[in-house]
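So the chains spell out like this:
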Amino acid sequence: MDRDLRAELDLVAEASIAALRAPSILNSQPWRWRLNGEHAELWADRSRQLTGLDPDGRLLLLSCGAALNHAVVTLRAAGYSAAVERRPDPAQPDLVARFGRGESVPADTLAEAIGHRHTDRRPFGDERPAASVLQELREVARRHAVHLQIVKDEQVTAFAAAVAHAGEIERDDPRFRADLRVWTNRAHGDGVTAQSVVAATRRTVAPRDFAIKAGLEAGPGSDRGTVYALFVTDGDEPRDWLAAGEALSEVWLALTARGLAASPISEVVEVPGVRHALRGLLGGVGQPAVAMRIGVPVRETQPPPTPRRSSSATLTV
Ligand SMILES: Cc1cc2nc3c(=O)[nH]c(=O)nc-3n(C[C@H](O)[C@H](O)[C@H](O)COP(=O)(O)O)c2cc1C
């Protein structure tokens, strides 16, 4: 094989392996990579879709978008843009993207954040993230045609009520409870582990109730400086969910590189009635794809890394 092609293949394989660290709904990692000639294909893995919580597959595609963005960011660190065709074949909607090495670009360092990014569910500090950083994050989302809308102070109570309401509906619904039970009781390689979940304390916005014994101490944070943000798309179609996942990933890596921490809040989009009500908060403009809390971490220690599937389980040649 020609040396250049070999190097290109190695890079694409490395990028798809780095994508294993991407965040996903309940750590379900609902994707598969296929190395095919000089490009890789990213496929949605419907066998890992959450049937109660995510019947339309919006969070599945958000998760695939995060994996795709992790691969793109890894390629950029090696000095290449990615040539990406999103949802290239209408006859095969589960083919999420075709991905290969693009043009040479100046290498950037965002990929270094991949190993430091975690879902941090602990309360954050009193200090609010700097306005200039929030503006940068908005621009990162914009590059994916996604609006990062910060919930205004006077809207936080209504947002918290929407999160609490969604949580109550999910607690009362056996389909949601079944998904949580499955994905918090995995043997290894995926799912949410007790060590990443904090015990319930009084919080402005209540974290998701995983219905397991929490293994992570909440610590001294107050969440007073925490901001709540919505990833908002113009449409509400699979391509918008994919873009929102790419934006979620890149915003999260960018804020990690700035020393901030975050955790997504998706209950509000999982329950259709609450998702529609949330549109009211946006003034009826745009579609909320997922929410996120962003703040200054109080503790230097990170939550423990969460498990991942092996590259042999997710990558075929
Ligand atoms: C689309 C999406 C939705 C998520 N929703 C929530 C959520 O509602 N609550 C939560 O605590 N974590 C949420 N997460 C975080 C995942 O549980 C987390 O990414 C996964 O367990 C892997 O852990 P890590 O992010 O620390 O690598 C979400 C992640 C994604 C990508």
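Model, not experiment: these values are computed from the prediction.

1. Regarding the domain arrangement of the protein
Each assigned domain of the protein is listed here: domain 1 (3–115 + 306–316) and domain 2 (131–295). Of the roughly 2900 Å² buried at the junction of domain 1 and domain 2 (both faces included), carbon and sulfur atoms supply 67%. Looking at the side of domain 1 facing domain 2, the largest losses of area belong to Leu26, Arg58 and Leu62, adding up to 25% of the total buried there. On the surface where domain 1 and domain 2 come into contact, there are 4 salt bridges. Note that aspartate 236 and arginine 58 form a salt bridge whose closest N and O atoms lie 3.0 Å from each other. For the interface between domain 1 and domain 2, the tally reads 14 residue pairs in polar contact (both at pLDDT 80 or more). In the side of domain 1 that touches domain 2, the residues fall into 17 nonpolar, 10 polar and 8 charged.

2. Overview of the environment of valine 105
Along the polypeptide, valine 105 turns up in the loop between strand S4 (95–104) and helix H3 (131–142). Taking the C-alpha atoms as reference points, valine 105 and threonine 301, 196 residues apart in sequence, are found 34 Å from one another. In contact with valine 105, not counting residues within four places along its chain, are Arg76, Gly79, Tyr80 and Ser81.

3. What to know about helix H8 (residues 272–281)
Of the positions making up H8, those classed as buried are Val274, Arg275, Leu278 and Leu281. With its buried residues spanning 100 degrees around the axis, H8 presents them on a single face. For H8, exposure combined with an orientation more than 90 degrees from the buried face picks out Gly273, His276, Ala277 and Gly280. Turning to H8, the residues buried within the fold contact helix H2 (58–77), helix H4 (156–171), strand S6 (227–233), helix H7 (267–270) and strand S8 (287–295). Just downstream of H8, glycine 283 is the residue with a positive phi angle, here 70 degrees.

4. Some details on helix H5 (residues 174–183)
Residues that lie three or four places apart on an α-helix share one face, since the helix turns once every 3.6 residues. Within H5, burial applies to Phe176, Asp179, Leu180 and Trp183. Looking straight down H5, one finds its buried side chains confined to an arc of 95 degrees; they lie on one side. With respect to the buried face of H5, the exposed residues turned more than 90 degrees away are Pro174 and Arg181. Each element contacted by the buried residues of H5 is listed here: H4 and H7.

The rules behind these values
- Residues numbered from 1 in each chain as written.
- Predicted model: local features only at pLDDT ≥ 70, side-chain atom pairs only at ≥ 80, totals over all residues.
- Heavy atoms only, no water.
- Domains from an automatic or database assignment.
- Buried area = accessible area lost by both parts, 1.4 Å probe.
- Salt bridge = Lys/Arg side-chain N within 4 Å of Asp/Glu carboxyl O.
- Polar contact = N/O pair within 3.5 Å; in protein donor to acceptor, adjacent residues only side chain to side chain.
- Nonpolar A, V, L, I, M, F, W, Y, C, P; charged D, E, K, R; others polar.
- Helix = DSSP H or I, 4+ residues; strand = E, 2+ residues; numbered from the N terminus.
- Contact = heavy atoms within 4.5 Å.
- Buried < 20%, exposed > 50% of the residue type's maximum accessible area, 1.4 Å probe, protein only.
- Arc of directions from axis to C-beta.

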